[in-house]
Amino acid sequence: MAGLTVTNISLASETDWPGFRNEARALLAKLIAPAEVAWHTPASGAADLFSDSDVSPTSPLVAAHSHGPINLVVPSSFVTLCETVILHNDPARFGLLYSLLWRLVHEPALRHDPLDAGRVKVQHMAQSVRRDMHKMKAFVRFRTVESGEGKPPLHVAWFEPDHHIVEAVAPFFMRRFTQMEWAILTPERSVHWDGERLHFGPGGERRHAPAPDAGEALWLTYYANIFNPARLKMAMMKKEMPVKYWHNLPEAELISGLAADAMARSGRMVEAAPTQPARRIVPVASETAPRVSNAPHEGVAGPEDVGRGVFAELTVAIHPAQALTALKKATDRCRECPIGEHATQSVFGEGPVHAALMVVGEQPGDQEDLRGRPFVGPAGRLFDQAIAQLGWPREQLYVTNAVKHFKFELRGKRRIHKTPTQREASACLHWLESEIEQVQPHALIALGATAAKALLGRPVAVTRERGQWHDGPRGRKVLVTLHPSALLRGDPAEHEQAYKAWLDDLALATDWLKHAV
């Protein structure tokens, strides 16, 4: 744009997070808009000599500002996001992050818009970096180099990351291989652990990596013997171990031969005589929570009685709201599958008794597990946005999940959602059936495949059967559509269209709310 004054900012390195943070705070204090800033790193070269810049890379603007301390408050999750996205290889990442920071400060509503194109793009960049970090941890292969008489050997590996992740991943290898001296070479950066501290240096070339050693031959023998031909799925294997990594993996040279022989080996396994099974120890039946119904029973059982019987059916003549309270307490004690042992608490459904419409999701997420309420995390906020557009008061809906505890795996300090297995979902089914029995909704909405299977009793191809009414339990109609988390994981370019299609699916249930009491 003619006449635009550009502020050039130079960072110390491709991963200079402290520098970026300080520069961004100073720029915000000066109210310098994203379009007026050009970001540079040593790899991107010096600032454009022909730019109309009022600030040089060494200007005191980046070190101090005349406005005094600024009250910059952004979500802590955004800071964590920045630390990850800065490792991406996109040269425009600094400008994108500063633009998003500017908008978070000047457009507070952005914090509650998970479908914003800028936010979605940054999230996908962070996901790409995390995937690259995971692949580095999984696919680095060390080879031994003798260091001379009386000295411990040096273990050297060659890896080709997509992003600037070497310094971020190096502490993982330091903790895992503390007792050995090792080095990892990559095209742009190298790291060496001498047993006491990490040393970082410039990159290298693949020819600098050592040749195969005896330990590699032992590894190939082990890999060939654990290869299970009956479980070979080439497409899935290439997804988890992309072909671009194969030329650095010693076991990759075996894959073609093992895959070609898979069918014959599977046949030999089928024809082989069965092995003698080990003695099966039958576990003692443990106490499990019963279902609650409205059938008459002599004497009224209170909430504390729920879960007292062993695989017994408890029938109580109490109000449905009391029954739901009793069920909620019982789910906290449920250990019919392993999920409940690790969750913070159960997350039971909420909403009015006799709600005309019941919405069923898959399972609680991280925020739901911490707060004990369904649909309060990112997917829940997107759900709230949708029903607000449809004019549905949430207080008229009964919202729950097919599985009552949060299933996750730890990645560092973060709890990452894992899909419940069929067994886990089946173990939780009676809780959902009891909820339906107490609420007595006129119709149900199944969000996602796990909820749809629980309500319809069969596997459901959601993408094919979405936007349709199906016959559900006791003649109730079930509307199948996507879970909101599927939209959050989707292609950013298709978000607007996907969201509109999802909204059209939900709108099919609007008439049922007329039955609300």
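Every value quoted in this text rests on a predicted model; they were computed, and no experiment measured them.

### Some thoughts on helix 1 (residues 17-29)
Moving on, step 1. For helix 1, spanning 13 residues, the distance from its first C-alpha to its last is 18 Å, which sits close to the expected 18 Å at 1.5 Å a residue.
Moving on, step 2. Those residues of helix 1 lying buried are Trp-17, Gly-19, Phe-20, Glu-23, Ala-24, Ala-26, Leu-27, Leu-28 and Ala-29.
Moving on, step 3. Residues of helix 1 that are buried make contact with strand 1 (7-10), strand 2 (37-40), helix 2 (76-85) and helix 3 (93-106).
Moving on, step 4. Residue Asp-16 occupies the N-cap position of helix 1, its side-chain oxygen lying 2.9 Å from the main-chain nitrogen of Gly-19.

### Focus on the packing of helix 1 against helix 3
Moving on, step 1. The interhelical angle for the contact between helix 1 and helix 3, taken along N-to-C directions, is 45°, at an axis separation of 11 Å. Relative to helix 3, the element helix 1 lies oblique. Crossing of helix 1 against helix 3: the hand is right-handed. In this structure, helix 1 uses Phe-20, Ala-24, Leu-27 and Leu-28 to contact helix 3, whose residues at the interface are Phe-94, Leu-97, Tyr-98, Leu-101, Trp-102, Val-105 and His-106.
Moving on, step 2. Of the residues in the contact of helix 1 with helix 3, the class split is ten nonpolar, one polar and no charged.

### Some details on the packing of aromatic side chains
Moving on, step 1. Under the counting rule described, the total for this entry stands at 16 aromatic pairs.
Moving on, step 2. Taking the centre distance of 5.1 Å and the plane angle of 45° together, the rings of Phe-20 and Trp-39 count as tilted. Residue Phe-20 is found in helix 1, and its partner Trp-39 is found in strand 2; the two are separated by 19 residues along the sequence.
Moving on, step 3. Assessed through its relative accessible area of 2%, Phe-20 is described here as buried.
Moving on, step 4. By way of ring pairs, the aromatic residues Trp-17, Phe-20, Trp-39, Phe-94, Tyr-98 and Trp-102 are connected into one cluster.
Moving on, step 5. The residue whose ring lies beneath Lys-137 is Phe-172, and the NZ or CZ to ring-centre distance is 5.1 Å.
Moving on, step 6. The residue whose ring lies beneath Lys-404 is Phe-348, and the NZ or CZ to ring-centre distance is 5.4 Å.

The rules we used
- Residues numbered from 1 in each chain as written.
- Predicted model: local features only at pLDDT ≥ 70, side-chain atom pairs only at ≥ 80, totals over all residues.
- Heavy atoms only, no water.
- Helix = DSSP H or I, 4+ residues; strand = E, 2+ residues; numbered from the N terminus.
- Expected span 1.5 Å × (residues − 1).
- Buried < 20%, exposed > 50% of the residue type's maximum accessible area, 1.4 Å probe, protein only.
- Contact = heavy atoms within 4.5 Å.
- Polar contact = N/O pair within 3.5 Å; in protein donor to acceptor, adjacent residues only side chain to side chain.
- Axes fitted to C-alpha atoms, helices over the stretch in contact; angles between N-to-C directions.
- Parallel < 35°, antiparallel > 145°, perpendicular 65-115°, else oblique.
- Left-handed = near helix turned anticlockwise from the far one by under 90°.
- Nonpolar A, V, L, I, M, F, W, Y, C, P; charged D, E, K, R; others polar.
- Phe/Tyr/Trp six-rings, centres within 6.5 Å; stacked < 30°, edge-to-face > 60°.
- Lys NZ or Arg CZ within 6 Å of the ring centre and 35° of its normal.

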